[in-house]
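Residue-level structural notes
What follows is the residue order along each chain.
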Amino acid sequence: MDKKTVKRYKLVLLSTAYRDREIYTDENGNYKFTLTEIDAITTDYDNPKQFITANRLNPACDKLSITYQAKNQTRYLMAVFSKDEFLKRISHDNIGKYQVNKNCYFVNSTEKICLKIIRNEKLMKYLIDYHYISGKPLINDFENLMYGYNNYRNEYDYYLKRLLNKLEHYKTIRGLVVGINNYEQMMEIIDRENPLSTPYIEPKIIKPKQLPDLTKDNYVQAPLEEYTQGTLFDLKPVQKTKKKK
């Protein structure tokens, strides 16, 4: 089966009160979907309860989660809803696809997402610490984009182009959006509880790493799968384990 149409994700209905757990099945009996198919379903609703009620599912459940298997382990992703207008639009426009069509809306919106990240050092650190941005090449690209934004337009354009090629993979851009939303919700809670919290800090200047010849456009790009597999966007960060000597 072509990788663009691999269906390995399940939509799970949960109830923390009664410990109920059910796998969502569509009218055709399917219970495995692509990530864009699941998001195109859930983003038509405002919240899990509305989705469950409208589809006449188990009323004891009040939460949704997405699961998939990787390296013989069950991984979890957060479900998204109608307030995520960006994910709602691109999931509906790319149902069943692994890569997103890079139209003007996607490119403009994704550049804004990248700018939001590189303008906020704390946000960028959060995304890296919690594996929403994972892998040294991708981290370096974001750091170099920050450097180019603050110093050289040609370097900024170069690294933005590289990032757009990687972020066209739906799971990758989805993870960034979910991570940003989680960070902003966390900061809202902190601001409510402590109105005198630390003000915004300007990003520090980061030196570029392994800058290529910007006069050429035939650079070799690492395999895109490196940025979309594994545990990049799980609900919890991966714990580092010490290697035995």
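As shown above, the structure is provided for reference.
Criteria and thresholds
Residues numbered from 1 in each chain as written. Predicted model: local features only at pLDDT ≥ 70, side-chain atom pairs only at ≥ 80, totals over all residues. Heavy atoms only, no water. Helix = DSSP H or I, 4+ residues; strand = E, 2+ residues; numbered from the N terminus. Areas by Shrake-Rupley, 256 points an atom, 1.4 Å probe, with all protein chains shown as cover. Salt bridge = Lys/Arg side-chain N within 4 Å of Asp/Glu carboxyl O. Core = buried A, V, L, I, M, F, W, Y, C linked by side-chain atoms within 4.5 Å. Buried < 20%, exposed > 50% of the residue type's maximum accessible area, 1.4 Å probe, protein only. Contact = heavy atoms within 4.5 Å. Expected span 1.5 Å × (residues − 1). Axes fitted to C-alpha atoms, helices over the stretch in contact; angles between N-to-C directions. Parallel < 35°, antiparallel > 145°, perpendicular 65-115°, else oblique. Left-handed = near helix turned anticlockwise from the far one by under 90°. Nonpolar A, V, L, I, M, F, W, Y, C, P; charged D, E, K, R; others polar.

A few words on the overall build of the protein. From N to C terminus, the protein includes eight helices and four strands. For the protein, the α and β elements follow one another from N to C terminus as β-β-α-α-β-β-α-α-α-α-α-α. Within the structure as shown, the protein displays about 14,700 Å² of accessible surface, and the carbon and sulfur contribution to it stands at 50%.

All right, on to the pattern of salt bridges then. As a working rule, side chains carrying opposite charge can pair if their charged atoms are close by. As enumerated under the stated definition, the model contains eight salt bridges in all. Note that Lys 7 is salt-bridged to Glu 37, the shortest N-O span being 3.3 Å. Of this pair, Lys 7 sits in the segment before strand S1 (10-15) while Glu 37 is found in helix H1 (residues 35-42), placing the two residues 30 residues apart along the sequence. Here Arg 162 makes a salt bridge to Asp 141, at a shortest N to O gap of 3.3 Å.

So, about the nonpolar core. Counting residues in each nonpolar core, the largest one holds 54 residues, and the members touching the most others are Ile 117, Leu 127 and Phe 142. Apart from residues no more than four positions distant in its own chain, Phe 142 is found in contact with Cys 114, Ile 117, Ile 118, Met 124, Ile 133, Leu 163 and Leu 176.

Moving on, we come to helix H6 (residues 136-150). Under the 1.5 Å per step criterion, the end-to-end length of H6 is 21 Å for 15 residues, consistent within 8% with the ideal 21 Å. Most of H6 sits out of view: eleven of its 15 residues are buried. Within H6 the residues assigned to the buried category are Leu 138, Ile 139, Asn 140, Asp 141, Phe 142, Glu 143, Asn 144, Leu 145, Met 146, Tyr 147 and Gly 148. Taken together, the buried residues of H6 touch helix H4 (104-118), helix H5 (121-129), helix H7 (153-167) and helix H8 (170-193).

On to the packing of H6 against H7, then. Any two packed helices are characterised by how steeply their axes cross, that is the angle between the axes, and by the distance between the axes. The interhelical angle for the contact between H6 and H7, taken along N-to-C directions, is 150°, at an axis separation of 8 Å. By the angle between their axes, H6 is roughly antiparallel relative to H7. Judged by the sense of rotation from one axis to the other, the crossing of H6 with H7 is left-handed. Across the interface between the two elements, Pro 137, Leu 138, Asp 141, Phe 142, Asn 144, Leu 145, Tyr 147, Gly 148 and Tyr 149 from H6 touch Arg 153, Glu 155, Tyr 156, Tyr 159, Leu 160, Arg 162, Leu 163 and Lys 166 from H7. Here the contact of H6 with H7 is composed, by residue class, of ten nonpolar, two polar and five charged.

Turning to the packing of helix H3 (residues 85-93) against H8, a few remarks are in order. In the contact formed by H3 and H8, the axes pass within 10 Å of each other and the chain directions differ by 165°. Overall, the two elements H3 and H8 adopt an arrangement that is roughly antiparallel. Crossing angle aside, the handedness with which H3 passes H8 is left-handed. The segment H3 lies against H8, with Phe 86, Leu 87, Ile 90 and Ser 91 engaging Tyr 170, Ile 173, Arg 174 and Val 177. Class assignment of the residues belonging to the contact of H3 with H8 gives a composition of six nonpolar, one polar and one charged.

As a further point, take the side chain of Thr 42. Mapped onto the secondary structure, Thr 42 falls in helix H1. For Thr 42, the residues in contact, after removing those within four places along its chain, are Leu 11, Leu 64, Val 80, Phe 81 and Ser 82.

Once that is clear, we can look at unusual backbone geometry. Although it is not a glycine, Arg 56 adopts a positive phi angle of roughly 55°. Tracing the backbone through its elements, the reader meets Arg 56 in the loop between helix H2 (48-54) and strand S3 (63-70). Phi at Lys 71 is positive, roughly 55°, even though this residue is not glycine. Inspection of the secondary structure puts Lys 71 in the loop between S3 and strand S4 (73-78). Note on Lys 71: relative accessible area 74%, which makes it exposed.

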